[in-house]
Amino acid sequence: MRGNIVVGQSGGPTAVINSSVAGVYAAAKKLGVKKIYGMVHGIQGFLQDNLIDLGEYLDDETGIELLKRTPSAFLGSCRFKMPKIEGHEEVYEKVFEIMEKHDIECLFYAGGNDSMDTVKMLSDYAAAHNKPQRFMGVPKTIDNDLPVTDHCPGYGSAAKYIATSMKEIIRDNESFGVEKPTVCIVELMGRHAGWLTAAAALSRGDDCSGPDAIYLPEVTFDMDKFMEKVKYLSETKSSVVIAVSEGIALADGRFVCELGNASDFVDAFGHKQLSGCAATLANKVAAETGLKTRAVEFSTLQRAATHLASLTDINEAFQVGHDAVMAAEEGKTGMMITLDRNGDDPYQCGTSAYDIHAIANVERPVPAEWITEDGCDVNDGYVKYARPLIMGELQPLYVNGVPRHLVRK
């Protein structure tokens, strides 16, 4: 590459999205790129010309290794929706004006569905107006719902945290129940796709029976059947732990969390904030059965736990960032790097570049064949798919007893 490059992060952070930035940086340095910029708070910050020189932080191996162990978005994220091109050309021209000002040849954007839409629109505008700049998508989402790619960087680490924490919750809940069981309902992220909630199944093993039921948004939630199952479990077990997705919904389309005190907040992409599903169900169970209940909401904990990150996930996040730069060096644009599984025993995975138009704004649900017939669990097909993604560890660098992070000045 003759010019400079810029990399940004968008959407919900993950435990390994910074590894993708490290991958972009490492590949660009290898190619001799003069300056590698980071956009502060994604495309929203870029439109304000808010850039930093990544070389100030990553000019040695220590910086890159520390960045890999830093959770969330080192550069800062955003949920900024680029407007439609028609009638808003000035917004797009602003992007290219800033790119030209800093001699930026290629923009790399790490994110999920909505972020890939940004890459699509920018590359489409460039093509329509004969702009030479290139745009590449770097996959990221704990939701694991991007199409085409086998899985998404960020998911493996979130799944590892969920499986580990679920085992600990089950251990805790089993401590009680001398007179009657405690019913614990664990709420996990997932609006329309239940990949994160399915990860609760990975807690199962020789030392843990795992959750008693798993409810995904891919299956219509039946409140009456749920209550029947809880009552049956409470009569046969001394401890009941159930995993539910924040996005489970009734047949009439209402989210279960809306039966309680759900927030009315809607973000720039029209996504309603979902929270309170576990509390709503726990309150109903308590009211109808008299059982002791507990609601646990993982919330942002499941996406920021670098201390429990999967080494496989860290390495693959680095790889997609690295390979996005190499694809751009070949002249590619308007594409996203995908992870392509080549084998399970042993697990092997490569990458390729795929047309962004087949990816942006498309959600991939958990396959129906991986959901049990009663709709309350996942089967071995999911476990075989997900288990390799949570393997391996990368120990944090501890200072004063807690992990050290890399932060912007």
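Summarised in this report is the structure supplied together with it.

Cut-offs used in this document
Residues numbered from 1 in each chain as written. Predicted model: local features only at pLDDT ≥ 70, side-chain atom pairs only at ≥ 80, totals over all residues. Heavy atoms only, no water. Pairing = 2+ DSSP bridges. Helix = DSSP H or I, 4+ residues; strand = E, 2+ residues; numbered from the N terminus. Axes fitted to C-alpha atoms, helices over the stretch in contact; angles between N-to-C directions. Contact = heavy atoms within 4.5 Å. Left-handed = near helix turned anticlockwise from the far one by under 90°. Nonpolar A, V, L, I, M, F, W, Y, C, P; charged D, E, K, R; others polar. Buried < 20%, exposed > 50% of the residue type's maximum accessible area, 1.4 Å probe, protein only.

A separate point is the sheet that holds strand E8 (residues 239–245). Sheets are built from strands paired through backbone hydrogen bonds, the pairs being either parallel or antiparallel. The four strands lie next to each other as E7-E8-E6-E9, forming an open sheet whose pairing is parallel. The open sheet has two free edges, formed respectively by strand E7 (213–215) and strand E9 (292–297), since each of these has just one partner strand. Looking at each pair of strands side by side, their axes are set apart by 20 degrees on average, direction ignored. The pairing of strand E6 (residues 182–188) with E9 spans six bridges and is parallel. Residue pairing for E9: Ile 185 is matched across the bridge by Ala 295. This element, helix H9 (residues 223–236), spans E6, E7 and E8 of the sheet and lies at about 155 degrees to E8. Set on the sheet, helix H10 (residues 277–289) makes contact with E6, E8 and E9; between it and E9 the angle comes to about 175 degrees.

With their axes 11 Å apart at the nearest point, H9 and H10 run at an angle of 65 degrees to one another. The two elements H9 and H10 cross, and the hand of that crossing is right-handed. From H9, Met 223, Phe 226, Met 227, Val 230 and Lys 231 reach across to H10, where they touch Leu 281, Lys 284, Val 285, Glu 288 and Thr 289. Looking at the contact of H9 with H10 residue by residue, the classes come out as six nonpolar, one polar and three charged.

Strand E10 (residues 335–344) sits mainly inside the fold: seven of its 10 residues count as buried. By the bridge criterion, two bridges tie strand E5 (residues 134–139) to E10 in an arrangement that is parallel. Note that in E10 the partner of Gly 137 across the bridge is Met 336. Between E10 and strand E11 (residues 347–355), which pair antiparallel in sequence order, lie two residues.

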